[in-house]
Amino acid sequence: MKLFRGCLVLPLLVLLTVGAEVSKAAKVRQFDVGLRAGLSLASLGGENGDMYENSRTGLLGGGFVRYRVSNLVSLETDVSYLRKGGKGEMLVADYKTNEITTAENVLVLNRVVVTPALVFTLPVKGQIRPSLLGGVSVAFAGSSQIEVEGFEPVDISEYTKSTIVGYVVGVELAYHLESTRVFIDLRYSRDTGDFFEPESFEWISQIMSIGFGVGFEI
């Protein structure tokens, strides 16, 4: 319920902020397009998240468009490819030797994620400027696999939801040149619900990522 209220409050904050800055918008109106790449640390929450209790690292990459409403407020849409999931261990029986051993169990979720976000750039003088961002993430399902060490991967794509909504928050530190912005950011995102269709498990994806990127004013 708290998360639902948060999703309602965010659009209101966007409207209030844009309204407060509208007098400045005529002075600063420009687009910023660029690329972002980095590393992600994916894990699972939810009632059965302890089945994959360890995080897994992966790569991420994508592009973004940022519209600067004013010197303080920007609206950004980010489209990225990333790998969600988690790691764990499971018991495996060897029927030839009648021994039971443990094997690494990896859940691999390949996703395309669209993230509309509101960005607040702190009023700091100079070329190095920090920003805060928050928004909504919409993940579109790609392939989903369970990979157990010593066995062929099992495709579970038909059991995962095709689209799932979440939220994202983060911080950014950017170095501004005349028409270019080079930045590093740290983001945390979490789905608002279970991505697994059957009710037998509750798995909720969450990711901590570090990104590096460059934006060009147009």
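Throughout what follows, the structure given in this document is the object of discussion. (Residues numbered from 1 in each chain as written. Predicted model: local features only at pLDDT ≥ 70, side-chain atom pairs only at ≥ 80, totals over all residues. Heavy atoms only, no water.)

**Concerning empty space enclosed by the protein**
Worth spelling out the cut-off: Buriedness of a pocket was judged along seven lines, with at least five required to meet protein on both sides within 12 Å; pockets are open sets of points on a 1 Å grid over the protein atoms alone, cavities are sets where a 1.4 Å probe fits but cannot get out, and lining residues have an atom within 4 Å of a point. Grid points are joined across faces, edges and corners, and a volume is the space filled by probe spheres set on the points. In this text, helices come from DSSP runs of H or I with a minimum length of four residues, and strands from runs of E with a minimum of two, each type numbered from the N-terminal end. Amino acids are sorted into nonpolar (Ala, Val, Leu, Ile, Met, Phe, Trp, Tyr, Cys and Pro), charged (Asp, Glu, Lys and Arg) and polar (every other residue, Gly among them).
Following the criterion strictly, the structure yields two cavities of 30 Å³ or more and no others. Taken as a whole, the largest cavity holds about 200 Å³ of empty space. Along the wall of the largest cavity there are 19 residues; nearest its centre are Leu82, Val113, Thr115, Val168 and Ser189. Within the residue set of the lining of the largest cavity, elements represented by two or more residues are strand 3 (73-94), strand 4 (99-121), strand 8 (180-191) and strand 9 (204-217). By residue number, the principal contributor to the lining of the largest cavity is strand 8, which donates five residues. Each residue belonging to the lining of the largest cavity can be placed in one class, and the counts come to six nonpolar, seven polar and six charged. Reported here for the second largest cavity is a volume of approximately 30 Å³.

**Here's the deal with the packing of aromatic side chains**
Let me state the cut-off plainly: Pairing of aromatic side chains requires ring centres within 6.5 Å, counting the rings of Phe and Tyr and the six-membered ring of Trp. Pairs whose planes differ by under 30 degrees are stacked, by over 60 edge-to-face, and all others tilted.
Counting across every chain of the model gives six aromatic pairs. An aromatic cluster is defined as three or more aromatic residues linked by ring pairs; in this entry it consists of Tyr52, Phe195, Phe196 and Trp203.

**Observations regarding the layout of surface pockets**
Which parts of space are left empty comes out when a probe the size of a water molecule is rolled across the atoms. If you add up the space inside the largest pocket, you get close to 300 Å³. Considering the residues around the largest pocket, the lining is formed by 23 residues, among which Arg68, Asn71, Thr121, Arg129 and His176 are closest to the centre. Among the elements of the structure, strand 1 (30-45), strand 2 (56-68), strand 3, strand 5 (128-148), strand 7 (163-176) and strand 8 are those that each provide at least two residues to the lining of the largest pocket. Ranked by the residues each element gives to the lining of the largest pocket, the list is headed by strand 1, at three residues.

**Quick word on the pairing of strand 8**
Quick reminder of the rule: Here a strand pair is declared whenever DSSP counts at least two bridges between the two strands.
Sheet analysis places strand 7 next to strand 8, joined by 11 bridges and oriented antiparallel. By the bridge assignment for strand 8, Gly166 is matched with Asp191. In sequence, strand 7 turns back onto strand 8 through a hairpin of three residues. Of the pairings in the sheet, the one linking strand 8 to strand 9 comprises 11 bridges and is antiparallel in character. Looking across to strand 9, one finds that Arg187 is bridged to Ser209.

**Quick word on the environment of Ser74**
What counts, and what does not: Buried means the residue's accessible area, taken with a 1.4 Å probe over protein chains only, is under 20% of the maximum for its type, while exposed means over 50%, and partly exposed covers the values in between. Throughout, a residue-residue contact means that at least one pair of heavy atoms, one from each residue, lies within 4.5 Å.
Examined against the element boundaries, Ser74 turns out to sit in strand 3. Taking relative accessible area as the criterion, Ser74 reaches 4% and is therefore assigned buried. When the C-alpha positions of Ser74 and Leu133 are compared, they lie 9.3 Å apart, and in sequence the two are 59 residues distant. If we ignore the near neighbours within four places in the chain, the residues touching Ser74 are Arg66, Tyr67, Arg68, Val69, Ala117, Leu118 and Val119.

**Observations regarding the nonpolar core**
Put simply, the rule reads: Put simply, buried Ala, Val, Leu, Ile, Met, Phe, Trp, Tyr and Cys residues joined by side-chain atoms within 4.5 Å make one nonpolar core.
Leu44, Tyr52, Leu107, Ile146, Phe195 and Trp203 are the most contacted members of the largest nonpolar core, which totals 19 residues. Here the element with the most residues in this core is strand 4; it accounts for four residues.

**Observations regarding the pairing of strand 7**
Burial along strand 7 is one-sided: Ile164, Gly166, Val168, Gly170, Glu172, Ala174 and His176 are buried, and none of Thr163, Val165, Tyr167, Val169, Val171, Leu173 and Tyr175, which face the opposite way, are. For strand 5 and strand 7, the ladder comprises 13 bridges, and the chain directions are antiparallel. For Phe140, the partnering residue across the bridge sits in strand 7 and is Thr163.

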